[in-house]
Amino acid sequence: MGSAKSTESRADVPLTNLDQPLFDGADATKRDLVDYLDAVHTRLLPALKDRPLSVVRVRAGQEPFMQKNVPKYAPEWLRTYAHWAESSQREVHYALCDDRRSLVWFANQRAVEYHVTLSRVPALDRATHLVLDLDPPEGSDSFGAAVKGALLVREALTDLGLTGVVKTSGAKGVHVIVPISNDIEMPDMAAATRAIAARAERVDPDVATTAYIKADRGGKVFIDSTRAGGATVVSVYSPRVRPGAPVSFPVPWDELENVGPRDFTIRNAAELLGDGDPWTDALPEPQRLPADLIAEGHEIPVARVAAMHEGKRRKRAAEKAARDDT
């Protein structure tokens, strides 16, 4: 396809190269991306509002890359938020995408994926929701395994008197989102997430596992409880850089077993939504996490830390075995 510049604009944003393929295997053009994001902007923007944004961009002929820092050439009107990143020991200037013009600008930058924090500025130490990410094993029906894991999480939540909503991740998994009251500190939210994951695993340990190390999962769906602190999750209604350009899409619990991740793409998702916003309609009011659940979670080691120590232990054991064999 041609790469000629375009004279089109939308929301006062000049648009370029709209007829270029979006990425290899997308079965879509950049125009399809712009059209989709603009069509759903009234549903997507509330999920992005006041949340530091990381985007995955795909430039023509290049590998996809995640962008956190707003580029120097960003327009002056783009709202940003400066935040000190402990991991990289630098100040990161995140975009806050809270209006149509900003979203169209990102679409023109070939920003396909929209990943947001679990908290809003300025209260980045207080999450608005917790996330259970169901990561299925490799296999022909891996999404089906993720669905089974999500139903276990739902059962654990119901036993706690909590309500979660579910969406496809747009990749191969499922996200369960639980809105929580804003008086819960981040370590307590993280602990509660670990406890819910552990309870879901106990409902059916033949189906699900909380083992962080892949080799220990035994072909089961992984209930990932590590989304906390500065972690991000792909936003509802966000496209993904995956074959067919699928979209992270809300699904009613009673329909979850009848859908697949590629049922929702940038080519059909806006039409499926019509004028509706099933995500906002399904979200429960923020919920208070039980104190005993938080206490239970604080007794469970943080998965990444435990995995790191276990990895070191296994490495030492392997090195000792090698020495013993010589």
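Conventions we followed
- Residues numbered from 1 in each chain as written.
- Predicted model: local features only at pLDDT ≥ 70, side-chain atom pairs only at ≥ 80, totals over all residues.
- Heavy atoms only, no water.
- Helix = DSSP H or I, 4+ residues; strand = E, 2+ residues; numbered from the N terminus.
- Rg over C-alpha atoms; globule rule 2.2 N^0.38 Å.
- Buried < 20%, exposed > 50% of the residue type's maximum accessible area, 1.4 Å probe, protein only.
- Contact = heavy atoms within 4.5 Å.
- Areas by Shrake-Rupley, 256 points an atom, 1.4 Å probe, with all protein chains shown as cover.
- Lys, Arg positive; Asp, Glu negative; His and termini not counted.
- Charge placed at Lys NZ, Arg CZ, Asp CG, Glu CD.
- Axes fitted to C-alpha atoms, helices over the stretch in contact; angles between N-to-C directions.
- Parallel < 35°, antiparallel > 145°, perpendicular 65-115°, else oblique.

Colleague: A description of the overall build of the protein should follow, citing residues and the corresponding values.
Modeller: For the protein, the count of helices and strands is nine helices and 13 strands. The C-alpha radius of gyration of the protein comes to 21 Å, within 12% of the 20 Å expected for a compact globule of 326 residues. For the protein, the spread of C-alpha atoms along the three principal axes comes to 65 × 55 × 40 Å. For the protein, with 326 residues in total, the buried portion stands at 51%. Summarising the internal contacts of the protein: among those between residues at least 6 apart in sequence, 70% fall at separations of at least 24. Of the accessible surface of the protein, which amounts to about 15800 Å², a share of 49% is contributed by carbon and sulfur atoms. On the protein, the mean spot of the 42 positive side-chain charges and the mean spot of the 47 negative ones are 6 Å from each other.

Colleague: Could you give an account of the packing of helix α5 (residues 186-203) against helix α8 (residues 291-298), naming the residues involved and the relevant values?
Modeller: A pair of packed helices is characterised by two quantities: the angle between their axes and the separation of those axes. At a minimum axis separation of 7 Å, α5 and α8 run at an interaxial angle of 85°. When the axes of α5 and α8 are compared, the pair comes out roughly perpendicular. Judged by residue contacts, Pro187, Asp188, Ala191, Ala192, Arg194, Ala195, Ile196, Arg199 and Arg202 of α5 engage Leu293, Ile294, Glu296, Gly297 and His298 from α8.

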